[in-house]
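# Notes for the structure review
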There are 2 protein chains.
Amino acid sequence: MDSTFDHEAPRGQPIARGAALPLLDFTRYAENARAKVEAALEQWLRAKAAETASLTPGARAPIEAAFDLARRGGKRLRAVLVACTYDGFGGEGGGDAVVLAGVAMELLQVYLLIHDDWMDGDELRRGGLSVPAMMRARFSSRELADASAILAGDYAAGLALDALLSVPCAPGRIAKAAQEFARVEKDVVAGQLLDVHASHDAPRSHPPQHAEVESMHALKTASYTVRAPVLIGARLAGASDQACAALEAFAEPLGVAFQLRDDVLGTYGDPKATGKPAWSDLRQGKRTALLAEAVREPGARDLLRAVGDPAAPVAELEALADYLVRSGVRARVEARIDVLLGKARAALETPLVPEAARLVLEGSILALGRRER
Amino acid sequence: MDSTFDHEAPRGQPIARGAALPLLDFTRYAENARAKVEAALEQWLRAKAAETASLTPGARAPIEAAFDLARRGGKRLRAVLVACTYDGFGGEGGGDAVVLAGVAMELLQVYLLIHDDWMDGDELRRGGLSVPAMMRARFSSRELADASAILAGDYAAGLALDALLSVPCAPGRIAKAAQEFARVEKDVVAGQLLDVHASHDAPRSHPPQHAEVESMHALKTASYTVRAPVLIGARLAGASDQACAALEAFAEPLGVAFQLRDDVLGTYGDPKATGKPAWSDLRQGKRTALLAEAVREPGARDLLRAVGDPAAPVAELEALADYLVRSGVRARVEARIDVLLGKARAALETPLVPEAARLVLEGSILALGRRER
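Just so you know, the residues in each chain are numbered from 1, in the order the chain's sequence is written. Labels follow written order: the first chain is A, the first ligand is 1, and so on. Two thresholds apply to this predicted model, a pLDDT of at least 70 for residue-level local features and 80 or more for giving and counting side-chain atom pairs, whereas whole-chain, interface and lining totals are computed over all residues. To get the side-chain values, take all heavy atoms of the structure and skip hydrogens and water.

## Observations regarding the relation of the copies chain B and chain A
- When chain B is fitted to chain A, the best match, at an RMSD of 0.1 Å, comes from turning it 180° and sliding it 0.0 Å along the axis. Taken together, these values place the two copies in the relation of a two-fold axis.
- Throughout, a contact is declared for two residues whenever any of their heavy atoms are within 4.5 Å. Interface overlap between copies is the fraction of interface residues in one copy that are interface residues in the other; for chain B against chain A it reaches 100%, indicating a shared surface. Least squares is the method used to superpose the copies, on C-alpha atoms of residues holding a pLDDT of at least 70 in both.

## Here we look at the interface of chain B and chain A
- Each partner contributes residues to the interface: chain B has 47 residues there, and chain A has 47 residues.
- Put simply, buried area is the surface a 1.4 Å probe can reach on two separate parts but cannot reach once they are joined, added for both. For the pair chain B and chain A, the summed buried surface comes to about 3,800 Å²; carbon and sulfur atoms form 77% of the total.
- What counts as a salt bridge is simple: a side-chain nitrogen of Lys or Arg found within 4 Å of a carboxyl oxygen of Asp or Glu. Put simply, chain B and chain A have 4 salt bridges between them.
- Close ionic contact of Lys186 of chain B with Glu51 of chain A constitutes a salt bridge, the shortest N to O distance being 2.6 Å.
- Segments assigned H or I by DSSP are reported as helices when at least four residues long, segments assigned E as strands when at least two residues long, and all are numbered from the N terminus. For the side of chain B that touches chain A, the elements supplying multiple residues, two or more each, are α2 (57-71), α4 (99-120), α6 (142-165) and α7 (171-200) of chain B.
- For the side of chain B that touches chain A, the leading source of residues is α7 of chain B, giving 18 residues.
- Charged means Asp, Glu, Lys or Arg here, nonpolar means Ala, Val, Leu, Ile, Met, Phe, Trp, Tyr, Cys or Pro, and polar covers whatever is left, Gly included. Partitioning the side of chain B that touches chain A into residue classes produces 29 nonpolar, 11 polar and 7 charged.

## Some remarks on the packing of helix α7 (residues 171-200) of chain A against α2 of chain B
- Think of each axis as a best-fit line through the C-alpha atoms, taken over the contacting stretch in the case of a helix, with angles from 0 to 180 degrees between the N-to-C directions. Where α7 of chain A meets α2 of chain B, the closest approach of the two axes is 8 Å, and the angle between their N-to-C directions is 130°. Taken together, the axes of α7 of chain A and α2 of chain B are oblique relative to one another. α7 of chain A and α2 of chain B meet at a crossing whose hand is right-handed. Between α7 of chain A, through Leu193, Leu194 and His197 of chain A, and α2 of chain B, the contact on the second element is made entirely by Gly58, Ala59, Pro62 and Ile63 of chain B.
- Of the residues in the contact of α7 of chain A with α2 of chain B, the class split is 5 nonpolar, 2 polar and no charged. Angles are sorted into four bins: roughly parallel if under 35 degrees, roughly antiparallel if over 145, roughly perpendicular if 65 to 115, and oblique for all others. Helix crossings get a hand from a simple test, with the near helix turned counterclockwise from the far one by less than a right angle marking a left-handed crossing and a clockwise turn marking a right-handed one.

## Side note on the packing of aromatic side chains
- Between 30 and 60 degrees the pair is tilted, below 30 it is stacked and above 60 it is edge-to-face, where a pair is any two Phe, Tyr or Trp rings, Trp via its six-membered ring, whose centres lie within 6.5 Å. Taken as a whole and judged by the stated rule, the model has 1 aromatic pair over all chains.
- Geometrically, a lysine NZ or arginine CZ counts as sitting over a ring once it is within 6 Å of the ring centre and also within 35 degrees of the ring normal. The side chain of Arg330 of chain A reaches across the aromatic face of Tyr268 of chain A, ending 4.5 Å from its centre.

## What to know about the environment of Asp322 of chain A
- Tracing the sequence through the fold places Asp322 of chain A in helix α13 (residues 314-326).
- For the pair Asp322 of chain A and Tyr268 of chain A, spaced 54 residues apart in the sequence, the C-alpha separation amounts to 9.7 Å.

## With respect to the environment of Gln109 of chain B
All names here are of chain B.
- Within the secondary structure layout, Gln109 lies in helix α4.
- C-alpha separation for the pair Gln109 and Ala70, spaced 39 residues apart in sequence, amounts to 8.5 Å.
- For the purposes of these results, a polar contact is taken to be a pair of N or O atoms within 3.5 Å, where, inside protein, one atom must be able to donate a hydrogen and its partner to accept one; residues adjacent in sequence count only when each atom of the pair is a side-chain atom. Side chain to side chain, Gln109 and Arg78 meet in a polar contact 3.3 Å long.

## A word on the side chain of His115 of chain A
- Among the structural elements, His115 of chain A can be located in helix α4 (residues 99-120).
- A polar contact is formed between the side chain of His115 of chain A and the side chain of Asp154 of chain B, at a distance of 2.7 Å.
- Residue contacts for His115 of chain A: discarding those within four places in its chain leaves Ala149, Ile150, Gly153 and Asp154 of chain A together with His115, Ile150 and Asp154 of chain B.

## Thoughts on the pattern of salt bridges
- Enumeration over the complete set of coordinates arrives at 70 salt bridges over all chains.
- In this structure, the salt-bridge partner of Arg345 of chain A is Glu362 of chain A, at a minimum N-O distance of 3.8 Å. Here the residue Arg345 of chain A occupies a position in helix α14 (residues 329-347), and Glu362 of chain A occupies one in helix α15 (residues 355-369), the gap between them amounting to 17 residues. Of the two residues, Arg345 of chain A and Glu362 of chain A, both sit in the buried class.
- Asp146 of chain B is the partner of Arg142 of chain B in a salt bridge, and the nearest nitrogen-oxygen pair spans 3.2 Å. In this pair, Arg142 of chain B and Asp146 of chain B are both assigned in helix α6, 4 residues apart and thus about one turn of the helix distant.
- Through salt bridges with shared partners, one network takes in Arg34, Glu38, Arg76 and Glu106 of chain A. Note on exposure labels: buried denotes an accessible area under 20% of the residue type's maximum, exposed denotes more than 50%, and partly exposed covers the range between, all computed with a 1.4 Å probe on protein chains only.

## So, the state of the cysteines
- The disulfide criterion used throughout: a pair of cysteine sulfur atoms within 2.5 Å. Counting across every chain of the model gives 0 disulfides over all chains.
- For Cys244 of chain A, which is in no disulfide, the shortest distance to another cysteine sulfur is to Cys169 of chain A and amounts to 13 Å.
- Cys84 of chain B forms no disulfide, and the closest cysteine sulfur to it belongs to Cys244 of chain B, at a distance of 14 Å.
- Judged by its relative accessible area of 0%, Cys84 of chain B is buried.

## With respect to the nonpolar core
- Put simply, buried Ala, Val, Leu, Ile, Met, Phe, Trp, Tyr and Cys residues joined by side-chain atoms within 4.5 Å make one nonpolar core. Grouped together as the largest cluster of nonpolar side chains are 267 residues, with contacts concentrated most on Leu107 and Phe250 of chain A together with Leu107, Leu236 and Phe250 of chain B.
- With sequence-adjacent residues up to four places away left out, Leu236 of chain B is seen in contact with Tyr86, Val98, Ala101, Val167, Cys169, Arg173, Ile174 and Ala177 of chain B.

## Some words on the packing of α4 of chain A against helix α8 (residues 210-236) of chain A
All names here are of chain A.
- In the contact formed by α4 and α8, the axes pass within 11 Å of each other and the chain directions differ by 160°. As summarised for this structure, α4 and α8 are arranged roughly antiparallel, according to the angle between their axes. The two elements α4 and α8 cross, and the hand of that crossing is right-handed. When α4 is examined against α8, the residues Ala101, Met105, Leu108, Gln109, Leu112 and Asp116 are found in contact with a partner set consisting of Lys220, Tyr224, Ala228, Pro229, Ile232 and Leu236.
- Considered class by class, the residues forming the contact of α4 with α8 number 9 nonpolar, 1 polar and 2 charged.

## Section: unusual backbone geometry
- Although it is not a glycine, Arg76 of chain A sits at a positive phi angle of roughly 55°.
- The topology assignment puts Arg76 of chain A in the loop between α2 (57-71) and α3 (77-88).

## Quick look at the confidence of the model for chain A
- For chain A, the mean per-residue pLDDT works out to 90, and 92% of the residues sit at or above 70.
- This complex was scored by the predictor with a pTM of 0.92 and an ipTM of 0.92. Think of pLDDT as the predictor's per-residue confidence, scored from 0 to 100.

## Topic: the environment of Leu352 of chain A
Residue and element names in this part refer to chain A.
- Structurally, the position occupied by Leu352 is in the loop between α14 and α15.
- Linking Leu352 and Asp241, residues 111 residues apart in sequence, is a C-alpha distance of 9.9 Å.
- Discounting chain neighbours no more than four positions away, the residues touching Leu352 are Phe89, Gln242, Ala243 and Ala246.

And the structure:
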């Protein structure tokens, strides 16, 4: 993988709308790395299919559904972050050498998405049926379909660890990377527990608080979207504990900003670009940053009745979304994203992070925090 | 931990009922190791509780339920196998040094039991409520209770890996041990998939076949009850690939025999000793070796109607159980257990397995294959 980001770029600019950060470099790196990840993932899945070839067709179907979801991945951002951090920290052989760690991140996400979709009752994922919905389409018994979906996720978790441990790298580095893997496995589940338990309270009786939404986002999203990928990439390159601490200070605000952006796109994004059904966040009453801000807006009170109502008329949801723009709610969430992106960028300003890593990770800030899909 | 098994013992005996193998030594070793595992597990759980202290009480409850189930463990056989194999292979510091790998095996089992109990609808486990039943008692919403149970299992899986990676050992050995962990995570899920999909067919329309039942037992039980513990113990002690292959040839038949013994105890064991409700295997129509043998017995046809009927009268189940004894079905399963135990023992007869390891593992053969609970 070429180190396309390894040249001069503007420094020290504040993260303001439209700022010219080296996004192009990250974008170019990401395109290249993404193709490598896709190829390695395909090769890995083909090789691993042999391990379950002797199962009965019914028993194999859930695993094949997990593979199908893995193949339907989008930007492979997490895998790209592993590669570019490893590369930026001078890892031997560049990002290609640790492409299986990227595959591991993709499979970890497959596990998490399957269990989440089962819990949330989400039918659609990545432009197709979710794994739980695939299982219900295949097996007439609901119990069998549910068990199959959970086990598909469980299998993907084992396969993710398998991929990480197959990276050709010094065992001391593998062991450190695996510790990050165990940590993220725990954190993301803790975040999901916070989410499902909080969501169970109706939004108006227990309106979400900013801090609560952001702690949940840190555990549930930032942990596996940014922290684990960059720390695993850094650990595989032999980065020091101090450098990893700096990366952690970069990863958490960026990961939270990524999810806040998701919260905005969940209401204002183009469903064709995001792959999510229109209005699904509001209809499901998801505890988003937008909602945490909206419940503090007295004028929104009546409009908020539509939130959490799966059958809410589109006109009511549109009225709420419009009001949140006019009253500045959306802008306040966007402003918070900018603050978090600034924090992420500031955390990279240390000699502990090599110049090459700093440049490419700065590029990732806009790609993750300002994305439109 | 003292190497209490490190002395002369009879060799080359067939595994016949009542044979005098060095069980006493394994029993003594196991008692000692079990106490160490209990202490280390308690210390680990207390330390790890801090990681989730900031969660809301509802979000923390599922994790606490998993901890509770971990504390209610019985013989800690899997943890004992890690310690005695490490010790037998001359691992530095003896079994104590790798007690956290035993803790990892206990937590892996907690994860598997939670997901299994949810799928099977089992209310009782280890003399108390199963984790899914605890969640239903605590949360009135069935959806929230189910999500909580699944996440409790997911969390335990992450915690198990965390414990394994915390063993103070050379990273090369840790990485090899972790590969066994990833392998067992996949195999046991594949076995559970075989089980839930086969169980979904009524036993009479698709009667279980011996080979099918034993492949399922190999994946679902032998993998995490014997293979992973002994290979992880051996890998942590620096055992060679060849020695590990010999241990694998020992572990699979012993693990399958362990489960066949479970199949017998599920119908003929004392519920007080086994901790399982009386007749639960037959009432649930579990695909046991006993059933695979029974469906080949023409005289059992009418009696088998009670199998898989949750409301079957005790008198009918008793009549079936009696018939299976009189017709020799039970004896044929016991004979198969003896064949498997003989295979396990023969696999240890190689210079690749050090004498100390051979002696203690021979002792484990009777403890696992002839247990009454």
